[in-house]
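Close look at the chain arrangement
Spelled out, the chains give:
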Amino acid sequence: MNETAFEIIKVRIRHKASRNYQGFGGTFASLVDSCVRKRALPGIYQDGLVSGAEVKENTLLVMLSGRRAERAVLDIMDIALRNIGAFPGAEGRADFFVEVK
Amino acid sequence: MALKTAQEYIESVKALTPRVYLGGKRVENMLENPVTLSVIRATAKIYELAEDPKHKEVMVATSHLTGEPINRNLNAARSTHDLDMRQEMALLTSQTVGTCNYRCVGCDAINGLAASTWEMDRDLGTDYNKRFNTYLKWAQSQDLACSGAVTDPKGDRKKRPSQQDDLDMHLHVVDKRSDGIVVRGAKVSQSGAIGAHETIVLPGGALRPGEEDFAIAFAMPNGSPGVTYICQYNAYTAERLSTDNVWELGNPLYGQRETSTIVFDDVFIPWERVFLCGETKYCGRLVARFAKTHRMNCGGACKVGFADLIIGGCMLAMEYSGLDKIPHIMEKVVDMVRLSETSHACAIAAALRGREEPVGSGVFLPDDLFGNAAKLNIAHGFWEIMKNAGDIGGGGVVTMPRESDLNNPEIGDWVKKYFKSAAPAEKRLRVMKFLQHWTAGLHGPGTWHGAGAPQTQRVAIGALTDFEVKKKMAKTLMGIKDDE
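Since the structure is predicted, the reported quantities are computational estimates derived from the model, not experimental observations.

**Details of a nonpolar patch on the surface**
Residue and element names in this part refer to chain B. On the surface, Ile411, Trp414 and Tyr418 cluster together into a nonpolar patch covering about 360 Å² of accessible area. Looking at the secondary structure, you find isoleucine 411 in the loop between α11 (396–399) and α12 (412–419). On the basis of relative accessibility, which here comes to 31%, the residue isoleucine 411 falls in the partly exposed class.

Structure follows, in structure tokens:
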């Protein structure tokens, strides 16, 4: 179990765009579970959107099917993060990273 | 941020996409569907009340965790004053929206958990209370709307949870991992869960050794993967979906009480959000603590607020029909006041006779007997109030045409002509529809079963009452000696 109360999660899109979120402890684990076990993004009920996902230490690598602009991917991830209780605009060093390809 | 504005709440739920079904169809946007919108509107109004300085004492509390002002819906009571303001909040919110304060069950779940997690940590050396307080601090800092979920589908009621042919009849743990648990099952009759940010889940009742998998309490974001909401559907749902003018409905903006069945299809809950897992011995006490708090609020205050609205509607119906000076009708109104205020008196007594439970926890819970009496009293009284409202409103309450008929070029003039009385037809139809909403709507069974069906209060009152003491009093007065 994560010992800190809150988590800062940085979402990065192909190293070109990023946004920080703050969630309650366990938010990153929820996102990992969703992408790796359920193969779905929270709040987005589209089969096959997540074509692959793996976690390495504190980084979740998510591969989405199809080609999209960075902005569109950022918007998709925004829905996913908010639906598991994370809010955008967090300041400070990230505890976890989500790399989206 | 400690207190969200109504607009900030609406903006926050705009970004959420919980998996909601209503009338067999997926609701893609809760602010565009008129039924789910009524839940969002009602919840927004609860936020708005906390912004109003004149309601600050009732709607805003001070967090015992941070010292910051917080919405009272996220407060764990620390005094009898807190309890009293909690029940006053239930009254005020009902009077204002005429439907559920959809944060109410979550608030009472918070209070039950505040007491029971403290008790488990004391007895078992767990860290549930620390986790819970950390979570509560987070919820308070974000001013989250938390709904509460308690009631399992239960399946075959003759059988215990572990004896069911289908174990999913009670929400249960299907996997325990290093990072959290995975749960499966459902919770039914969940008021307003679709418009909340989070749901706080409690076990459905007392459990025994061997039923550890069903002993779970946790909080989850409402968009959690694997969670689906299947909304209630009834004639009022269909009416709201079909009308192009909400003002012809009985509760135009906030609607009937909207609930859903929440399905948990292998939902992951991180340990940080788990507040009880396997401790069967503590489930009954946790649910009882939730129940006594909820019975004070639901029975002794929320439904009293509804009664106030019904009584107001009856007074207007009398005035609009030219019957406002008729003594035997006023007697019925006075009876309605008696029934509702008796319940409110029980809620006030439950709050003011509240006490710290468990001792040392700092958590205050209402007096159990008065809380149960409040709910049992209103469960019966509400039918009586509805009966009187139907009586006073007259048959037109259920035989009236729709208000929009007033604008029909072919029949509008007749509707205006034959439905006018001491007031124009517009006003009469509006108040008849209002009374229809209350007397022929969902509120009778809702009040009967909400916070537990009356039999559960009878059981509680029976257990809480010392009948031997009462027998002894009677024997003393009559001069009956024990050896006779």
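**Some details on the pairing of strand β10 (residues 227–231) of chain B**
Residue and element names in this part refer to chain B. The buried fraction of β10 amounts to four of the five residues, a majority that puts the element mostly inside the structure. Relative to β10, strand β1 (residues 19–22) runs parallel, the two being bridged by three bridges. Within β10, the position partnered with arginine 19 by the bridge is threonine 228. Pairing between β10 and strand β11 (residues 259–270): five bridges, direction antiparallel. When the sheet's bridge partners are listed, isoleucine 230 is paired in β11 with threonine 261.

**Section: the sheet that holds strand β12 (residues 274–277) of chain B**
Residue and element names in this part refer to chain B. One open sheet accounts for four strands, arranged β5-β8-β9-β12; its pairing is mixed. A single partner strand is all that each edge strand has here, and the edge strands are β5 (146–149) and β12. Looking at each pair of strands side by side, their axes are set apart by 20° on average, direction ignored. Of the strand pairs in this sheet, strand β9 (residues 216–221) and β12 are connected by three bridges, and their pairing is antiparallel. Paired with alanine 217 across the two strands is leucine 276, which belongs to β12.

**Looking at empty space enclosed by the protein**
Residue and element names in this part refer to chain B. Applying the stated criterion across every chain yields a total of five cavities of 30 Å³ or more. The computed volume of the largest cavity comes to approximately 140 Å³. As for the largest cavity, its lining consists of 14 residues, of which Cys100, Asn101, Cys104, His294 and Cys302 are closest to the centre. At the level of secondary structure, the elements contributing two or more residues to the lining of the largest cavity comprise α4 (80–97), α5 (104–124) and α8 (283–321). When grouped by side-chain class, the residues that make up the lining of the largest cavity number seven nonpolar, five polar and two charged.

**Some points on the sheet that holds strand β6 (residues 172–176) of chain B**
Residue and element names in this part refer to chain B. Ordered by their spatial adjacency, six strands build an open sheet running β2-β1-β10-β11-β7-β6, and the pairing between neighbours is mixed. One side of each edge strand has no neighbouring strand; the edge strands of this open sheet are β2 (25–27) and β6. Averaged over all neighbouring strand pairs, the angle between strand axes comes to 20°, with direction disregarded.

About the criteria used
- Residues numbered from 1 in each chain as written.
- Chains lettered and ligands numbered in written order.
- Predicted model: local features only at pLDDT ≥ 70, side-chain atom pairs only at ≥ 80, totals over all residues.
- Heavy atoms only, no water.
- Patch = residues over 30% accessible without salt bridge, like charges linked within 9 Å, V, L, I, M, F, W, Y side chains within 5 Å.
- Areas by Shrake-Rupley, 256 points an atom, 1.4 Å probe, with all protein chains shown as cover.
- Salt bridge = Lys/Arg side-chain N within 4 Å of Asp/Glu carboxyl O.
- Helix = DSSP H or I, 4+ residues; strand = E, 2+ residues; numbered from the N terminus.
- Buried < 20%, exposed > 50% of the residue type's maximum accessible area, 1.4 Å probe, protein only.
- Pairing = 2+ DSSP bridges.
- Axes fitted to C-alpha atoms, helices over the stretch in contact; angles between N-to-C directions.
- 1 Å grid on protein atoms, 1.4 Å probe; cavity = no way out; pocket = protein on both sides within 12 Å on 5 of 7 lines; lining within 4 Å.
- Points joined across faces, edges and corners; volume = space filled by probe spheres on them.
- Nonpolar A, V, L, I, M, F, W, Y, C, P; charged D, E, K, R; others polar.

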